[in-house]
Amino acid sequence: MTARRSLLATLATLAACSEQPSRQFNTGDARAPAQDIVAADVPAPDVVTPEDRFDPLADRQAVRNNRDLFIAVPPTSADRFGGEVTTTNAPSIVYPEDGTILPPNLPLFEVHFLPGAGNDLFEVSFTGPVTNVRVYTRCNRVAEGCVLSLPEPLFAEVGNAGRQSGGVELSIRATREGGGPVSRTPTQRLGVTRTDLRGGVYWWVSSGSIVRYDFGLPNARSEMFIQGNSFNCVGCHALARDGSRIAVGRFIPAPAPTAIFNTLTREQTHPNPFGNNFGTFSPDNRLFLASDGMRMTLLNAMTIAEAPGLDASQRAGTMPDWSPSGGDVVFARPRTVLPLPVGAPGHDGATDLFLMGWNGSAFAAPRALITSNGENNYYPAFSPDGNWVLFNRANGGSSSNPNAQLWAVRAGGGSPVRLARADGPDGAGNSWPKWTPFVEEFGGEVTENLLWLTFTSHRPYGLRIRERRAQLWMAAFRPGMNGPDPSAPAFWVPFQNIMEGNHIAQWVNNIQRQTCGTGMCANGEQCINGRCVAPPP
């Protein structure tokens, strides 16, 4: 046994998987009674077979060490896998998809698989060029299959095995506890970035509140930020990039009565609400460009008084997003707008995307970025380096369109590309795409830049969700990748409530928090390690 055995057994509370997906998965859950987790470092044999290599198609270094984790099974379970491997009654991986890329610091990650007839003992391997993490477990039954849940301390083992080389190879071997033949899945590639996922994210839950998660907080869990309900719904929101301000709309978006709050104190920064459905802060937080869904208005972000710089010829537009440098705003402009006396929560028909330059005091004339051929282009968002614009495309309306797709275009212009791998199955209704706030690193001997994007999708989540339910998903975007699609398959975001609809994930550089001593926190927050932390939703 290694010294790490007691650490893993203390830190890791393994999610006990039932047939009812009725729990919220986040690192704040006491998910289930802890199961026995035994860790062992096992030197690899001198002879490494082709199946044990990290990549049998390339001249790579062979695996040197096996890092074995035994979850609620005895260490002798590894001895059951010494027989000849066959394909008869082999297990099959349901989730994740081959080629998915992950950050190494996820608070929870799951592998879903079908066990294969007669199998009840499994070896799930994450093979890197130096370390092979092997998890031995029984079938934790969910629906007709099995789920292996890896809380943060265990998934960190996988992240460490793959982050310096760009990833690991995932495979599952299956057998019977009483002894029998060994079968194996085909190997899948699972990418891992060099750098951790950073920043914080706020999103709307369908019960009517704004929830957030902080990657900068040790042992983080999702937190209630602004409480609402089905009668007093808190919905449309926009965040300042530095995380210091949030604009929040309530009730029906026609347009929604909106207020700007200081995220540190949760205090409203101005006396009266204003009408807004879609808006964006300037990078210095002095200005807020608001839209009721048809026309835009430039406001002083502190007083909500109209600010100079946007003339009447520039007002037509919706869904604006200010670039990180502050030099441009991107927005959608429908070609046909109904003459409604109130705002519009979305739009139909042909819609173009435009850019408007900002010189610090006034906007320039709009210039076309995407010209529609009849399709609806909407929800544009600048990447954190300002080089790309992410957006939705669909035929029909922009609100809850089941055929909405993910697209991206260079901010300097050019042909847009569909993010087909991230899009997943047809009809998933992928909407509200947003970037995370930092450029990350990915790769082995050659390192490349990588961006993350999140979006709401109604796709199945492995064995846990089969019906249409709005959930947050995340995918990698490789801007330097050769080929028509720079995206990777998406993964389910693990800190959301699986039973809620989750929408409009918006990222910030930092979650703003008050420091504290005992009893010093307001708004129902607790003082944890010198910082105020809100209760879970």
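For the structure itself, look to the data block above.
So, here is what we can say about the structure in this document. Every value quoted in this text rests on a predicted model; they were computed, and no experiment measured them.

What counts, and at which threshold
Residues numbered from 1 in each chain as written. Predicted model: local features only at pLDDT ≥ 70, side-chain atom pairs only at ≥ 80, totals over all residues. Heavy atoms only, no water. Helix = DSSP H or I, 4+ residues; strand = E, 2+ residues; numbered from the N terminus. Disulfide = S-S within 2.5 Å. Buried < 20%, exposed > 50% of the residue type's maximum accessible area, 1.4 Å probe, protein only. Contact = heavy atoms within 4.5 Å. Polar contact = N/O pair within 3.5 Å; in protein donor to acceptor, adjacent residues only side chain to side chain. Pairing = 2+ DSSP bridges. Axes fitted to C-alpha atoms, helices over the stretch in contact; angles between N-to-C directions. Salt bridge = Lys/Arg side-chain N within 4 Å of Asp/Glu carboxyl O. Core = buried A, V, L, I, M, F, W, Y, C linked by side-chain atoms within 4.5 Å. Phe/Tyr/Trp six-rings, centres within 6.5 Å; stacked < 30°, edge-to-face > 60°.

### Re unusual backbone geometry
For residues besides glycine, phi is generally negative; the peptide bonds are generally trans as well.
Right, so step 1: Note that the residue after Y95, namely P96, is joined by a cis bond; omega there is 5°.
Right, so step 2: With respect to the helices, strands and loops of the structure, P96 is situated in the loop between strand 4 (92-95) and strand 5 (101-102).
Right, so step 3: Even without glycine at this site, M319 takes up a positive phi of about 55°.
Right, so step 4: Residue placement: M319 occurs in strand 25 (residues 318-322).

### Observations concerning the state of the cysteines
Right, so step 1: Evaluation of the coordinates by the stated rule reveals three disulfides.
Right, so step 2: The disulfide partner of C139 is C146, and the gap between their sulfur atoms is 2.0 Å. The sign of the -100° torsion about the S-S bond sets the C139-C146 disulfide as left-handed.
Right, so step 3: Residue classification places C146 among the buried positions, given a relative accessible area of 0%.
Right, so step 4: Between C521 and C532 runs a disulfide, and the two sulfur atoms are separated by 2.2 Å. With the S-S dihedral at roughly -95°, the linkage between C521 and C532 falls on the left-handed side. Note that C521 is positioned in the loop between strand 38 (502-508) and strand 39 (526-528) and C532 in strand 40 (residues 531-533), a separation of 11 residues in sequence.
Right, so step 5: With a relative accessible area of 1%, C532 lands in the buried category.
Right, so step 6: Disulfide connectivity for the chain, with bonded cysteines indexed by sequence position, reads 1-2, 3-5, 4-6.

### A closer look at the environment of D292
Right, so step 1: Following the sequence through the fold, D292 ends up in the loop between strand 23 (287-291) and strand 24 (296-300).
Right, so step 2: Its relative accessible area of 10% is what places D292 among the buried residues.
Right, so step 3: Considering only alpha carbons, one finds D292 and F274, 18 residues apart in sequence, at a separation of 10.0 Å.
Right, so step 4: Contact partners of D292, with chain neighbours within four places excluded, come to P255, N277, G343 and A344.
Right, so step 5: Polar side-chain contacts of D292 include one of 2.8 Å to the backbone nitrogen of M294.

### Structural notes on the pairing of strand 30 (residues 388-394)
Right, so step 1: With seven of its seven residues buried, strand 30 lies for the most part within the structure.
Right, so step 2: Alternating positions in strand 30 separate into two faces, W388, L390, N392 and A394 on one and V389, F391 and R393 on the other, with burial throughout.
Right, so step 3: Looking at chain direction, strand 29 (residues 376-382) and strand 30 are connected through five bridges and run antiparallel. In the sheet register, A381 faces strand 30, and the bridge partner there is L390.

### Brief notes about the side chain of E500
Right, so step 1: If you trace the backbone, E500 turns up in the loop between strand 37 (491-492) and strand 38.
Right, so step 2: Ignoring sequence-local partners within four residues, the contact set of E500 consists of V205, S206, S207, R469, A470 and Q471.

### A closer look at the sheet that holds strand 23
Right, so step 1: In space, the three strands of this open sheet follow the order 22-23-24, with antiparallel pairing throughout. Two strands lie at the open edges of the sheet, namely strand 22 (278-281) and strand 24, each paired on one side alone. Neighbour-to-neighbour, the strand axes of this sheet turn through a mean angle of 20°, independent of strand direction.
Right, so step 2: With four bridges joining them, strand 22 and strand 23 adopt antiparallel strand pairing. In the sheet register, T280 faces strand 23, and the bridge partner there is L289.

### Quick word on the pattern of salt bridges
Right, so step 1: Here the structure, examined in full by the defined rule, presents 25 salt bridges.
Right, so step 2: We note a salt bridge from E440 to R198, for which the minimum N-O separation is 3.1 Å. With E440 in strand 34 (residues 440-443) and R198 in the loop between strand 13 (188-192) and strand 14 (200-205), the pair connects residues that are 242 residues apart, well separated along the chain.
Right, so step 3: Notably, a salt bridge pairs R513 with D214, separated by 3.1 Å at the nearest N-O pair. Taken together, the residues R513 in the loop between strand 38 and strand 39 and D214 in strand 15 (residues 209-214) connect sequence positions 299 residues apart.

### Thoughts on the nonpolar core
Right, so step 1: In terms of nonpolar packing, the biggest core is built from 68 residues, with F126, V135, W203 and L453 touching the most fellow members.
Right, so step 2: In terms of residues, this core owes the most to one element, strand 36 (residues 471-477), which gives six residues.
Right, so step 3: If we skip the residues at most four places from it in the chain, L453 touches L390, L406, L419, K434, W435, W473, M474, A475 and F477.
Right, so step 4: Of all hydrophobic cores here, the second largest spans 13 residues; its members include M296, V329, F331 and W358.

### Here we look at the sheet that holds strand 16 (residues 223-226)
Right, so step 1: With antiparallel pairing, the four strands of this open sheet are ordered in space as 16-15-14-38. Each having just a single partner strand, strand 16 and strand 38 make up the two edges of the open sheet. The sheet shows a mean angle of 30° between the axes of neighbouring strands, taken without regard to direction.
Right, so step 2: For strand 14 and strand 15, the ladder comprises six bridges, and the chain directions are antiparallel. Along strand 15, the bridge assignment pairs W203 with V211.

### A short note on the packing of aromatic side chains
Right, so step 1: According to the stated counting rule, one finds 28 aromatic pairs in the structure shown.
Right, so step 2: Where Y202 meets F225, the ring centres are 5.1 Å apart and the plane angle is 85°; that geometry is what we call edge-to-face. Separated by 23 residues along the polypeptide, Y202 in strand 14 and F225 in strand 16 bring together distant segments of the chain.
Right, so step 3: You can call Y202 buried: its relative accessible area is 0%.
Right, so step 4: A relative accessible area of 5% means that F225 is categorised as buried.
Right, so step 5: With a centroid separation of 5.0 Å and 65° between ring planes, the pair formed by Y378 and Y379 is classed as edge-to-face.
Right, so step 6: The class of Y378 is buried, set by a relative accessible area of 0%.

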